[in-house]
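# Architecture and fold: a report
Below are the chains, spelled out letter by letter.
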Amino acid sequence: MKIRDALLSSGTAALLAFGALGGITSPAAAQPGPGDAVAQSTSVDDGRTDSSSASVSAPTATDNAERAGSGSERGLGRCWNGRVSGRDFFMTCSGNGYKVYVDCTNGRYKFDTVFYGTWNHRLTCPVNTSAVWGGSWE
């Protein structure tokens, strides 16, 4: 009886500790703000998933971005199958160390996650905007 009670109380303590730690989220997993774009990506290679958000970026003269479907790569991820559907832009990209972006009717949103391998991306523009196109950047 004492052994069972001891196991139950230690098991309960472990579950409480795990639950407390499970409630901690990283900044990357934080909920997007009302004006943020959202990326949902799935690895073709192993099925892993990634979600992130991005705020609108100010355009820069040194912006090294490549539109999905472009023939030149410049060391970026090669992206294809680009298509727009309302607020969403879909594409597949492959490469070693690329990031993705989406152009919305109110500006460009650059996501900071670095991808390796082949991934399917769904990039969603903020409410009251539409997707224009997207691609990869470094």
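Residues numbered from 1 in each chain as written. Predicted model: local features only at pLDDT ≥ 70, side-chain atom pairs only at ≥ 80, totals over all residues. Heavy atoms only, no water.

In this section: the state of the cysteines. Counting across every chain of the model gives two disulfides. The connectivity of the disulfide bonds within the protein can be written as 1-2, 3-4, using the sequence rank of each bonded cysteine. (Disulfide = S-S within 2.5 Å.)

This part is about the nonpolar core. Most often, soluble globular proteins keep nonpolar side chains buried together rather than apart. If you look at the biggest cluster of nonpolar residues, it comprises 19 residues, and the most contacted ones within it are F89, M91, V100, V102, F111 and L123. Among the secondary structure elements, those contributing two or more residues to this core are β1 (37-43), β6 (88-104), β8 (115-124) and β9 (131-137). Here the element with the most residues in this core is β6; it accounts for seven residues. Dropping the residues within four chain positions of it, V100 is found in contact with M91, Y109, K110, F111, F115, H121, L123, G135, S136 and W137. (Core = buried A, V, L, I, M, F, W, Y, C linked by side-chain atoms within 4.5 Å. Buried < 20%, exposed > 50% of the residue type's maximum accessible area, 1.4 Å probe, protein only. Helix = DSSP H or I, 4+ residues; strand = E, 2+ residues; numbered from the N terminus. Contact = heavy atoms within 4.5 Å.)

Right, let's get into the pattern of salt bridges. Under the definition given, this model contains three salt bridges. With a shortest N-O distance of 2.9 Å, R48 and D46 are connected by a salt bridge. By relative accessible area, R48 is classed as partly exposed at 46%. Where D88 meets R122, a salt bridge forms, and the shortest distance between an N and an O atom there is 3.0 Å. Residue D88 is located in strand β6, and its partner R122 is located in strand β8; the two are separated by 34 residues in the primary sequence. (Salt bridge = Lys/Arg side-chain N within 4 Å of Asp/Glu carboxyl O.)

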